[in-house]
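Geometric and topological summary
If you want the building blocks of each chain, they are given just below.
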Amino acid sequence: MIHLRLFGRCRIYHDPVSPVLVAPAQIGWEAWFRTIDLVTPRRLKGRELLERTRGWWTVEPDDVAETVAPLGRLVVGEKGELFVELTDAAAVESLKKALEARFGDQVLLAP
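Residues numbered from 1 in each chain as written. Predicted model: local features only at pLDDT ≥ 70, side-chain atom pairs only at ≥ 80, totals over all residues. Heavy atoms only, no water.

**Details of the nonpolar core**
Short version of the rule: Residues belong to one nonpolar core when they are buried, are Ala, Val, Leu, Ile, Met, Phe, Trp, Tyr or Cys, and are joined through side-chain atoms within 4.5 Å. Here's how the labels work: a residue is buried when its accessible area is under 20% of the maximum for its type, exposed when over 50%, partly exposed in between, all with a 1.4 Å probe on protein chains only. What counts as a helix is a DSSP run of H or I of at least four residues, what counts as a strand is a run of E of at least two, and both are numbered from the N terminus. We call two residues in contact whenever any of their non-hydrogen atoms come within 4.5 Å of each other.
Ranked by size, the top nonpolar core spans 22 residues in total, and within it Leu6, Leu50, Val64, Leu74 and Val84 carry the most contacts. The element contributing the most residues to this core is helix H3 (residues 89-103), with five residues. Excluding residues that lie within four positions of it along the chain, Leu50 makes contacts with Leu6, Trp57, Pro61, Val64, Ala65, Leu74 and Leu82.

**Describing the packing of aromatic side chains**
Selection rule: Pairing of aromatic side chains requires ring centres within 6.5 Å, counting the rings of Phe and Tyr and the six-membered ring of Trp. Pairs whose planes differ by under 30 degrees are stacked, by over 60 edge-to-face, and all others tilted.
Overall, the coordinates contain one aromatic pair when judged by the stated rule. On the numbers, 6.1 Å between centres and 85° between planes, the contact of Trp32 with Phe33 is edge-to-face.

**Focus: the environment of Arg73**
Its location among the elements puts Arg73 in strand S5 (residues 73-76). Here Arg73 falls in the partly exposed class, since its relative accessible area comes to 49%. When the C-alpha atoms of Arg73 and Glu85 are compared, they prove to be 5.0 Å apart, with twelve residues separating the residues in sequence. Filtering out sequence-adjacent residues up to four positions away, Arg73 remains in contact with Val68, Phe83, Val84 and Glu85.

**What to know about unusual backbone geometry**
The phi dihedral of His14 falls on the positive side, at around 65°, and the residue is not glycine. By the element assignment, His14 lies in the loop between strand S1 (2-9) and strand S2 (16-17). Exposure remark for His14: the relative accessible area of 48% places this residue in the partly exposed category.

**Focus: H3**
In an α-helix, one turn spans 3.6 residues; hence positions three or four apart end up facing the same way. Worth spelling out the cut-off: How far a helix is expected to stretch is found by multiplying one less than its residue total by 1.5 Å. This arc corresponds to the set of directions leading from the helix axis out to the C-beta atoms.
The terminal C-alpha atoms of H3, which comprises 15 residues, lie 21 Å apart, in line with the 21 Å expected from a rise of 1.5 Å per residue. Those residues of H3 that fall on the buried side of the exposure criterion are Ala91, Val92, Leu95, Leu99 and Phe103. In an axial view of H3, the angular spread of the buried residues amounts to 100°, which keeps them on one side of the axis. For H3, the exposed residues lying more than 90 degrees away from the buried face are Ala89, Ala90, Lys97, Glu100 and Ala101. Tucked inside the fold, the buried residues of H3 contact S1, helix H2 (61-68), strand S6 (82-86) and strand S7 (107-110). One or two steps after H3, the chain reaches Gly104, where phi turns positive at roughly 65°.

In structure tokens form, the structure reads like this:
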């Protein structure tokens, strides 16, 4: 498997940025008639982390996910980085061409 970092252009500074999951999301609970002292930490999945780029990137994350899906899989790395997982070099080249055709220089892949 080949893993490449996924970067998008920052809406404000126009430099390439990528989301990083620093800590797991913490889900708590509230009830009407009782107190629940339970917090469940959960790591975000690749698509969920990509969705957090809405408003930060110059492109819509749903459009990026739609372009990536036929060729690769969005995953979160061990250190929380957003990656695209691809099977071989041909898939890498196809994805690079698809991203460039749809987004120009606004979405980038890096090792």
